[in-house]
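Spelled out, the chains give:
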Amino acid sequence: MVIVGGGNAALCAALSARENGASVLVLERAPESERGGNSAYTGGTMRFVYDSPDEIYKLVPDLTPEEKATTDFGTYPEARFFDDFYRVTQYRTDPDLCEALIKGSNETMHWMRGHGVRFVPRYGSQAPKVNGRFKFSSGSTLGAAGAGAGLVDMLYTAVGRAGVEVRYDAVVRRLLHSDDGVHGVEAKIRGKTTQITASAVVLACGGFQANAEWRARYLGFGWDLAKVRGTRYNTGDGIRMALDIGAQPYGNWTSAHAVGWDLNAPAYGDPAIGDGFGKHSYIYGIMVNAEGKRFLDEGADFRNFTYAKYGKLILNQPGQYAWQIFDSKTLPLLRDSYHIKQVTKVRADTLDALADKIDGVDKEQLLATVAEFNAAVRDDVAFDASIKDGRGTRGLAIPKSNWAQTICDGPFEAYGVTCGITFTFGGLRITTQGEVLDVEEHPIPGLFAAGELVGGIFYFNYPGGSGLTNGAVFGRIAGRSAARCSRQGPA
C-alpha cells in the first residue's frame with residue numbers, strides 16, 4: 001500500500017498498516033531535509049483524555065518525585081473534551097468523527113509511546129505556577145519531546161525500525177483508479193514520472209494552506225496575504241486528486257486554523273524556529289490595530305481556545321497587522337516564543353516613548369485606548385492565571401473578560417503580529433474507519449485519508465493540541481483499514 005505524505009498522520013498510518021501486516025511505501029513530497037509536513041513546525045502538544053495523574057505517569061515514566069509533588073496534572077475526562085470540542089466549533093463538528101477522535105485519544109497516546117515517541121509535560125506554555133505548584137487546567141498537558149521536530153524524528157525512527165520504505169522528493173500527481181476503485185498513484189520521484197500500483201492508498205498530505213490561490217478562492221479576500229506557519233508543500237494536492245475521482249468535499253472550507261504570527265516572519269515556516277514565531281500571550285495584555293484601537297477580547301477564554309481563530313481577526317485589520325502591548329507586571333508571564341532573537345519588538349520606559357516606537361499605529365488613539373482600558377479594569381478581583389479569574393473590564397465596547405491588568409508600570413513592551421495560517425478546515429469526507437466517501441456517500445474502494453485534509457472535524461476554531469491528536473488517531477485508523485484492504489484487494 002502507498003501512503004501520500006510524510007507528517008504525523010502519514011507516519012502513524014504507516015506504523016499502523018505495517019503492524020497489521022501490510023507492505024508500506026511512504027511518498028513524501030519534500031526533500032529529506034524538510035520532511036515532516038506541518039507536524040515538524042508545531043509545538044508538539046497533544047490533547048487527550050485522561051482520568052487521573054496516573055495516566056500521565058505512565059506516559060512520562062521518567063518524571064521525578066519532585067516534579068510529581070510540584071505539579072497538579074488534574075484530569076481531562078471525555079465529557080470535558082466533548083464540551084470543549086463542541087463549544088469551540090459552535091456545535092458543527094461531525095459527531096461521529098469527533099467521537100472517534102476523543103475516544104481514541106488516550107489509547108493512541110499509549111500506542112505512540114509504545115512505538116518510541118517520548119512525551120513531556122508542557123510546563124512552559126500550559127501550566128502557570130500557583131502557590132509553588134504548576135497547574136494544568138486547559139487539557140493540553142503533554143507534548144512530544146523536542147516539539148514538532150522531535151515528534152517527526154521519533155516517528156521516522158519508528159517507521160524505519162518497522163521496515164517501512166520512504167521516498168523523498170516524491171510529488172504525487174494523481175490517483176490511479178477504475179470502476180473498481182483506487183489501485184495506485186502516479187508520482188514524479190526525483191524528476192522521473194512513474195506509476196506505482198497498490199491495493200490501497202492513504203492520503204495524509206495536508207490541507208491547502210500553502211496554496212495562495214486556493215486560500216483566496218475558498219477563504220476569501222486578503223487570505224492570499226497571510227503568512228504560512230508551516231511547510232510550503234501543503235498545497236491541497238491530495239484533496240484535488242481525490243475530488244478529481246469523485247470524492248465528497250466536506251467541512252468548513254471558508255475557515256482555517258490561523259494564529260498571531262510575528263509581523264516579519266518569513267513567508268513560510270522556518271524549521272530552525274518551528275513554532276517560535278507564534279505570539280500567544282495576548283491574554284496578559286491588550287492588542288491594538290493600526291488605528292490604535294482594540295478589536296477583540298483578549299481574555300475571552302484560555303489561550304488554547306482562542307489563539308487558532310484570532311489570526312483571522314488580525315488579518316481583517318487595516319494593513320493585516322496588530323501590536324500586543326504589555327507592562328512590567330505581565331512580562332514575566334510571556335511564553336518563551338517572545339524571547340527569541342527573530343522577533344518584532346519595541347521596548348520603552350514610558351507609554352509615550354513606546355507609542356513613538358510602534359510603527360504604523362495612531363499614537364494619540366493608542367494612548368487614549370490604554371487610558372480607557374486602565375480605567376475600566378476591575379481591581380476588586382484577584383488576578384489568577386490558572387483559571388478564568390473574572391478579572392475583567394467594565395463599560396468598554398469590547399470587553400476583556402479575564403486576566404485584565406492595568407498597563408501603567410514600566411518598562412513596557414510591544415510585539416508586532418500578523419496572521420499565520422496553520423491549516424485549512426475544509427477537505428475530504430471520511431468514515432470513522434478512514435474510508436474516503438464519494439459524492440453519493442459510498443466509500444471509494446482502496447482510498448483512505450487522515451490528518452489536515454479531512455473535513456468535518458474543525459469548524460471556525462479548534463481546541464489547542466487537538467490537531468496532532470486528530471492526525472495520530474485517524475492516521476492509525478486509516479492505516480489499519482488500508483492494511484485490511486491491502487490484504488483483501490480492492491472490492
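Just above, that's the structure.
Here the structure is a predicted model, which is why all the values come from computation and not from measurement. (Residues numbered from 1 in each chain as written. Predicted model: local features only at pLDDT ≥ 70, side-chain atom pairs only at ≥ 80, totals over all residues. Heavy atoms only, no water.)

1. A short note on the sheet that holds strand E5 (residues 119–121)
- With antiparallel pairing, the 3 strands of this open sheet are ordered in space as E3-E8-E5. Of all strands in the sheet, those bounded by a partner on one side alone are strand E3 (45–46) and E5.
- Relative to strand E8 (residues 142–144), E3 runs antiparallel, the two sharing 2 bridges. Bridging from a neighbouring strand, Thr 45 pairs with Gly 143 of E8.
- Sitting on the sheet, helix H5 (residues 95–114) touches E3, E5 and E8, and the angle it makes with E5 is about 120°. (Pairing = 2+ DSSP bridges. Helix = DSSP H or I, 4+ residues; strand = E, 2+ residues; numbered from the N terminus. Contact = heavy atoms within 4.5 Å. Axes fitted to C-alpha atoms, helices over the stretch in contact; angles between N-to-C directions.)

2. Let's talk about the side chain of Thr 330
- With respect to the element layout, Thr 330 can be found in the loop between strand E17 (322–326) and strand E18 (345–348).
- Overall, the relative accessible area of 1% leaves Thr 330 in the buried class.
- Setting aside chain neighbours within four positions, we find Thr 330 in contact with Tyr 284 and Gln 405. (Buried < 20%, exposed > 50% of the residue type's maximum accessible area, 1.4 Å probe, protein only.)

3. Section: helix H4 (residues 78–88)
- Inspection of H4 places Phe 81, Phe 82, Asp 84, Phe 85, Tyr 86 and Val 88 among the buried residues, and these make up the whole buried set.
- Positioned one or two residues after H4, Gln 90 has a phi angle of 55°, which is positive.

4. Here's the deal with the packing of H4 against H5
- Their axes nearest at 10 Å, the elements H4 and H5 cross at an angle of 140°. Classified by the interaxial angle, the pair formed by H4 and H5 is oblique. When the axes of H4 and H5 are compared, the crossing they make is right-handed. Together, Glu 78, Phe 81, Phe 82, Phe 85 and Tyr 86 of H4 and Pro 95, Cys 98, Glu 99, Leu 101, Ile 102, Lys 103 and Ser 105 of H5 make up the contact between the two elements.
- In terms of residue class, the contact of H4 with H5 is built from 8 nonpolar, 1 polar and 3 charged. (Parallel < 35°, antiparallel > 145°, perpendicular 65-115°, else oblique. Left-handed = near helix turned anticlockwise from the far one by under 90°. Nonpolar A, V, L, I, M, F, W, Y, C, P; charged D, E, K, R; others polar.)

5. A few points about the nonpolar core
- If you look at the biggest cluster of nonpolar residues, it comprises 141 residues, and the most contacted ones within it are Leu 27, Met 112, Leu 203 and Phe 474.
- With 9 residues, the top contributor of residues to this core is helix H13 (residues 466–488).
- In contact with Leu 27, other than residues within four places in its own chain, are Val 2, Ile 3, Val 4, Gly 5, Arg 167, Ala 170, Val 172, Val 185, Ala 187, Ile 189 and Ile 196.
- Core analysis: the next-biggest nonpolar cluster, separate from the first, contains 23 residues, Tyr 321, Trp 323, Ile 325 and Ala 404 among them. (Core = buried A, V, L, I, M, F, W, Y, C linked by side-chain atoms within 4.5 Å.)

6. Things to note about the sheet that holds strand E9 (residues 165–167)
- The mixed open sheet is built from 6 strands, whose spatial order is E9-E2-E1-E13-E21-E20. In this open sheet, the two strands that pair with only one neighbour each are E9 and strand E20 (435–437). Direction aside, the axes of adjacent strands within the sheet are offset by 35° on average.
- Examined bridge by bridge, strand E13 (residues 201–203) and strand E21 (residues 443–449) share 3 bridges and lie parallel to one another. Its bridge partner lying in E21, Val 201 is registered against Leu 447.

7. Comments concerning the pairing of strand E10 (residues 170–178)
- Strand direction decides the pairing type here: E10 and strand E11 (residues 181–189), joined by 8 bridges, are antiparallel. Residue pairing across strands places His 177 opposite Val 182, the latter belonging to E11.

8. A few points about the pattern of salt bridges
- By the definition in use, this model includes 28 salt bridges.
- As a salt-bridge pair, Asp 153 and Arg 35 come within 3.4 Å of each other at their nearest N and O atoms. Of the two residues, Asp 153 sits in helix H7 (residues 147–162) while Arg 35 sits in the loop between strand E2 (25–27) and E3, which places them 118 residues apart along the sequence.
- Notably, a salt bridge pairs Glu 186 with Arg 174, separated by 3.3 Å at the nearest N-O pair. On the criterion of sequence distance, the pair formed by Glu 186 in strand E11 and Arg 174 in strand E10 is long-range, its members being 12 residues apart. (Salt bridge = Lys/Arg side-chain N within 4 Å of Asp/Glu carboxyl O.)

9. So, unusual backbone geometry
- Residue Pro 411 is reached from Gly 410 by a cis peptide bond, and omega for that bond is 0°.
- The backbone of Gln 90 shows a phi angle near 55°, a positive value even though the residue is not glycine.
- Here Gln 90 shows up in the loop between H4 and H5.
- Overall, the relative accessible area of 49% leaves Gln 90 in the partly exposed class.
- With a phi close to 70°, Phe 460 is a non-glycine residue in the positive phi region.
- Tracing the backbone shows Phe 460 in the loop between E21 and H13.
- Residue class for Phe 460 comes out partly exposed when judged on its relative accessible area of 31%.

10. Considering H5
- Between its terminal C-alpha atoms H5 stretches 29 Å, which fits the 28 Å expected from 20 residues at 1.5 Å a residue.
- Where H5 ends, the next residue or the one after it, Gly 116, has phi of about 100°, a positive value. (Expected span 1.5 Å × (residues − 1).)

11. Some remarks on the pairing of E21
- With 5 of 7 residues buried, E21 is to be regarded as a mostly interior element.
- Hairpin remark: E20 followed by E21, antiparallel, with 5 residues in the connecting loop; positive phi at Glu 441, about 65°.

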